[in-house]
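Fold and contact review
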Amino acid sequence: MNIPFLDLKIQYNAIKEEIALALHNVLDSTAFAGGPFVEKFEKEFAAFCQSGFAVGVGSGTDALWIALLCLGIGQGDEVITTPNTFIATAEAITFCGAKPVFVDIDEQTYTMNPDLLKGVITTKTKAIIPVHLFGQPADMDPIIKIAQEHGLFVIEDACQAHGAEYKGRSAGSIGHAGCFSFYPGKNLGAYGEAGAVVTNSAELAEKIKRFRDHGQAKKYFHSMIGWNARMDGFQGAVLSVKLKHLPAWNEARRENAKHYNELFADVNKVKTPVEDSFAQHVYHIYAIRTKNRDALMRALAGKNIFCGIHYPIPLHLQEAYRSLGYGPGTFPVAEKCAAEFLSLPMFPELTGDQIKAVVEKIKYFFTK
Ligand SMILES: Cc1ncc(COP(=O)(O)O)c(C=O)c1O
C-alpha cells in the first residue's frame, strides 16, 4: 500500500466540476487581479472566521508582514513569537525592520507558553505572534491579558488553523489581526499562492487593502507607499468553492486523528497529540513524538509510507537567524520536540485502512 503524506488529487477529483465552473467564470469576466471573486471570498471568509473583515493577499507570509507593517511595527521594535514554527513567522518580523524574540513552547500543546512571556517583554516590545501550530490554537486568554497589560498588539499566526476554535471562538478572530495561508497543502488551500488577514478593525482592514494595492484607494492616487500583494481572481474563486467544504474536511481530519489516537493507545513509545480542553484542533498536521524518529521515518518510507517533519530545526538554531545570538539549549522544549516530531499522513480522504496500515508498521518497528 502506497500512503502519501498528503494527496491533493483525491480532493480535486471530488470537486472538479465546481472548480471548472468557478475558473471559467473568472476567465469569462477577466477579473484576474483582485476584483469581484476575491471580494466575494473575503466576505465569506470573514463570516467563516467570525471576524468583521478579511483582506485577501498574495500569501500567508504577505499576510503576516503586512499586518505587522500596517499596525506600525518597524525599526527598533521587538516582536515575540515561538521558535517552533515555519520561518515565515519570523521573516515577517524581520522584514518590518523589527527583531524576533522567541519564547519556548508548551510541551503538551506545542504552542506558545504564556508563562514565559513576561520574562522577555522589554520597552521595545510591540507585539506578540502566537502560532496556532498544527491546527491547535495557542492559549489565547493569558496571552491577550499580558498584551493588554503591556499595550502590545496580538497577531495570530493562523496559517495552519483554518476553522480551529479557542473556547468556541474562531482562530484568527481573537487578536488584533489573524493571518492565514492558503498554500495548496493547507486545510483550506488555493490552487497557487494566497493568504488573508482577518480583523475586527475597519481601520486596519482599510489600511491593509490600500497597502496591498500600491497604497491606492483610487487608481493612480497613492495616499501611502504600498506594495503589490493582491490575491488573484482564480484563487478567490477556488477558495470560495473550497470554503463550503472546509467544515466537512476538518471534521474528517478530526475523525482521522481520533482513529490514530485509538490505535496508538497501547504503544508507549509514541506520544500522540494532545488536544487541549479549550481547543477545537483541526489537525493540519498530525505529529507524533518518538525518540527513534529518524530511523522510524526511514523504515516507513521503505514501506511506501511517507511522513514529514515540522520542523527539524527550530528557528533560533537556523543559520539564517544565527545573528540573534541564541545557542543550543536556549529553548529546551522546542529543541526536544524538533528532534522527536514525526508528522504522519493526514488529509481528509485518508482511509481507515491506511491509518491502520501506518500504525501497524509503526508497532512492528518498535517490536522488532
Ligand atoms: C505557521 C505558518 N506561518 C506562515 C506561513 C506562510 O504562509 P505562505 O506559505 O502562504 O506564505 C505558513 C505556511 O507554510 C505557516 O505554516
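Everything discussed here concerns the structure shown above.
The paragraphs below set out a description of the structure included in this document. Predicted model, so just to flag it, every value in this text is computed and none were measured.

It is worth spelling out the sheet that holds strand β5 (residues 153–157) at this point. One open sheet holds the seven strands; their spatial order is β1-β9-β8-β5-β4-β2-β3, and the pairing between them is mixed. Bordering the open sheet on either side are β1 (53–57) and β3 (99–102), each of which pairs with just one other strand. Ignoring strand direction, the axes of neighbouring strands in this sheet form an average angle of 25°. In this sheet, strand β9 (residues 195–199) lies alongside β1 in antiparallel orientation, the contact comprising five bridges. In the sheet register, Val55 faces β9, and the bridge partner there is Val197. On top of the sheet, helix α2 (residues 36–48) reaches β1, β8 (177–181) and β9; it is set at about 130° to β1, its chief contact. Across the sheet, helix α5 (residues 140–150) is in contact with β4 (125–128) and β5; its angle to β5 comes to roughly 150°.

Inspection of the region around the ligand gives 15 residues, with Gly60, Thr61, Asp157, Ser181 and Lys186 positioned closest. Gly60 is positioned such that a nitrogen or oxygen atom in its backbone is 2.8 Å from an oxygen atom of the ligand. A distance of 2.8 Å is found between an oxygen atom of the ligand and a side-chain nitrogen or oxygen belonging to Lys186. Starting from 390 Å² of accessible surface for the ligand in isolation, the protein chains cover 93%. Across the shell around the ligand, the residue classes break down as six nonpolar, seven polar and two charged.

Relative to β4, strand β2 (residues 78–81) is paired through three bridges, and the arrangement is parallel. Paired with Val79 across the two strands is Ala127, which belongs to β4. Bridge count between β4 and β5: two bridges; the pairing is parallel. Bridge assignment links Ile128 to a residue of β5, and that residue is Val154.

Turning our eyes to something else, we now look at unusual backbone geometry. The omega torsion across His310 and Tyr311 is 5°, close enough to zero to call that bond cis. Summarising the element assignment, Tyr311 is placed in the loop between α8 (293–302) and α9 (332–340). Residue Gln50 is not a glycine yet carries a positive backbone phi of 50°. On the basis of relative accessible area, Gln50 is assigned to the partly exposed category, the value being 45%. The phi dihedral of Phe134 is positive, around 70°, even though this residue is not glycine.

Before going further, it helps to examine the pairing of β3. Side-chain direction in a regular strand flips from residue to residue, so the side chains alternate between the two faces of the sheet. Where β2 meets β3, four bridges bridge the pair, whose relative direction is parallel. Following the sheet pairing, Ile80 is matched in β3 by Val101.

Basis of the calculations
- Residues numbered from 1 in each chain as written.
- Predicted model: local features only at pLDDT ≥ 70, side-chain atom pairs only at ≥ 80, totals over all residues.
- Heavy atoms only, no water.
- Pairing = 2+ DSSP bridges.
- Helix = DSSP H or I, 4+ residues; strand = E, 2+ residues; numbered from the N terminus.
- Axes fitted to C-alpha atoms, helices over the stretch in contact; angles between N-to-C directions.
- Contact = heavy atoms within 4.5 Å.
- Near = heavy atom within 4 Å.
- Polar contact = N/O pair within 3.5 Å; in protein donor to acceptor, adjacent residues only side chain to side chain.
- Areas by Shrake-Rupley, 256 points an atom, 1.4 Å probe, with all protein chains shown as cover.
- Nonpolar A, V, L, I, M, F, W, Y, C, P; charged D, E, K, R; others polar.
- Buried < 20%, exposed > 50% of the residue type's maximum accessible area, 1.4 Å probe, protein only.

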